[in-house]
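Below are the chains, spelled out letter by letter.
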Amino acid sequence: MSRLKNKEKSEQQALKEWLVNNYINIACNLFRYKGLEAFGENLTSQIFEKMLIFDGKACGFKDDKLGLLILPCGGLSRLNVYGIPQDFICVGYNGQTFKRNVNNSVLIKNNGTYSPDYPMIDYYCGRIADCEMAKKININANKMPFALSGDPDQLLTMKNMVEQVTNNKVALYMPKKVRSASADPVEVKVINTGAEFIADKINDSQQDYISTLLTFLGLDNVSVEKRERLNTIEAGANNEHIKSNLYLKLQCREEACKQLNEMFGTNLSVSINYDYIEDFIGAQEEQDNAIKEEDTNNE
């Protein structure tokens, strides 16, 4: 039993890790920068966004040897009367540290509270993975809504029966009575567990988690079916909420670009990556339409 639990836990953990990476990749492509080459040819929009997603802040500055850099920003200290940090510690991915302040660097914010997106992504991916495993367990329970009872000597036989059902065997063939170690006939009894099918309800909860996470990232995610149930006011309010999440992040990035250009004479700019977002929404709508068409054909 413990081995089975460990296998399920390992499978759920692997699914969660895949989901986290997937949503981080989505978040890394929501903004597009121009002029980043001034801060090193290896710095891309995705790397820049990854800093903000994991750390909530980054710092742009000039180093005498390495030139202009944008790196994750760790320690914030010496707050002014408005709570704005004046000193920063920048940390490269190789562990190299740089001490900077407001006079020779620019603090770049992911949002108004310097908060990273990663904890929210990690939390909801855990819930999404949990729902996926719950659906799998419930579907398997409905494949075999019964338990087997018999002599301990027949444990292997009963395990094989369960495995055959789990692997979608159409029919099982075995005698009503089998022999035990004592050569006496033993009857294998079937006990009905009365497992209720709730995978559809779990799927609805899972879709709610996905929707909440995508809304947090600033992506339109209302399914075709749900969009048809929303009235104009509800749909408009939903879209405004989604846009506000994206635009608030954009404002922080635009302000940082402006400050970097003024301090270092660069020509850095940022914009929403509408091409990527349109492709994402289009792919989602195609998937929703395909599911809806399949459900209609099955009615």
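Under the definition given, this model contains five aromatic pairs. Each ring, one from Phe61 and one from Phe98, has its centre 5.2 Å from the other, and the planes form 45°; the classification is tilted. Residue Phe61 is found in strand E2 (residues 57–63), and its partner Phe98 is found in strand E5 (residues 97–101); the two are separated by 37 residues along the sequence. Its relative accessible area of 0% is what places Phe61 among the buried residues. Classification of Phe98 as buried rests on a relative accessible area of 6%. An angle of 55° between the planes, with centres 6.1 Å apart, marks the rings of Tyr124 and Tyr209 as tilted. Of this pair, Tyr124 sits in helix H3 (residues 118–143) while Tyr209 sits in helix H5 (residues 199–217), and the two are 85 residues apart along the sequence.

Tallying each qualifying case throughout the model produces eight salt bridges. Lys16 serves as the salt-bridge partner of Asp122, at 3.3 Å between the closest nitrogen and oxygen. Within this pair, whereas Asp122 is found in helix H3, its partner Lys16 is found in helix H1 (residues 2–28), the two being separated by 106 residues in sequence. A relative accessible area of 24% places Asp122 in the partly exposed class. Close ionic contact of Arg78 with Asp87 constitutes a salt bridge, the shortest N to O distance being 2.8 Å. We classify Asp87 as partly exposed; its relative accessible area is 21%.

The end-to-end C-alpha distance of H5 is 27 Å, a good match for the 27 Å that 19 residues give at a rise of 1.5 Å each. Taken together, the buried positions of H5 are occupied by Ala199, Ile202, Gln206, Ile210, Leu213, Leu214, Thr215 and Leu217. Note on H5: the residue one or two positions beyond its end, Gly218, has a positive phi of about 100°.

Right, let's talk about the side chain of Lys16 for a bit. According to the relative accessible area criterion, Lys16 is buried, its value standing at 19%. At 3.3 Å, the side chain of Lys16 forms a polar contact with the side chain of Asp122. Setting aside residues up to four positions removed in sequence, Lys16 forms contacts with Asp122, Cys125, Gly126 and Ala129.

Looking at the protein chain, the pLDDT average stands at 82 and 70% of residues meet or exceed 70. Counted against residues more than four places away or in other chains, residues 179–183, with its pLDDT under 50, gives eight contacts. Of the regions scoring below 50 in pLDDT, residues 227–237 engages in seven contacts with residues more than four places distant in sequence or in other chains.

What follows covers the pairing of E5. Inspection of the sheet shows strand E4 (residues 85–91) paired to E5 by five bridges, in the antiparallel sense. Directly across from Val91, in E5, lies its bridge partner Thr97. Taken together, E4 and the strand that follows it, E5, pair antiparallel across an intervening segment of five residues, in which Gly95 is found at a positive phi of about 95°.

Here we take up the sheet that holds E4. Strands pair in a sheet through their backbones, by hydrogen bonds, and they do so in one of two ways: parallel or antiparallel. Here we have five strands laid out as an open sheet, ordered E5-E4-E3-E2-E6, and antiparallel in their pairing. The sheet is open, and its two borders are formed by E5 and strand E6 (105–109), each paired with just one other strand. Here the average twist between neighbouring strands, direction ignored, is 35°. Pairing of strand E3 (residues 67–79) with E4 involves four bridges; the strand directions are antiparallel. Across the sheet, the residue bridging to Leu79 is Pro85, located in E4.

Attention now moves to the nonpolar core. Judged by nonpolar contacts, the single largest core of 43 residues is most densely connected at Tyr23, Phe31, Tyr33, Phe48, Ile70, Ile108 and Ile121. Among the elements that take part in this core, H1 stands out by supplying seven residues, more than any other. With residues up to four places along the chain from it excluded, the contact list for Ile108 reads Phe48, Leu52, Gly56, Lys57, Ala58, Cys59, Gly60, Ile70, Ala256 and Leu260. With 10 residues, the next largest nonpolar core counts Cys59, Phe61, Leu69 and Phe98 among its residues.

In this section: unusual backbone geometry. Positive phi is not limited to glycine here, since Arg78 has a value of about 50°. By the secondary structure assignment, Arg78 is in strand E3. A positive phi angle is found at Tyr114, which is not glycine, with a value near 60°. For Tyr114, the location among the structural elements is in the loop between E6 and H3.

The topology assignment puts Asn245 in helix H7 (residues 232–264). In this structure the side chain of Asn245 is engaged in a polar contact, spanning 2.7 Å, whose partner is the backbone oxygen of Thr215.

Parameters at a glance
Residues numbered from 1 in each chain as written. Predicted model: local features only at pLDDT ≥ 70, side-chain atom pairs only at ≥ 80, totals over all residues. Heavy atoms only, no water. Phe/Tyr/Trp six-rings, centres within 6.5 Å; stacked < 30°, edge-to-face > 60°. Helix = DSSP H or I, 4+ residues; strand = E, 2+ residues; numbered from the N terminus. Buried < 20%, exposed > 50% of the residue type's maximum accessible area, 1.4 Å probe, protein only. Salt bridge = Lys/Arg side-chain N within 4 Å of Asp/Glu carboxyl O. Expected span 1.5 Å × (residues − 1). Polar contact = N/O pair within 3.5 Å; in protein donor to acceptor, adjacent residues only side chain to side chain. Contact = heavy atoms within 4.5 Å. pLDDT = per-residue confidence, 0-100. Pairing = 2+ DSSP bridges. Axes fitted to C-alpha atoms, helices over the stretch in contact; angles between N-to-C directions. Core = buried A, V, L, I, M, F, W, Y, C linked by side-chain atoms within 4.5 Å.

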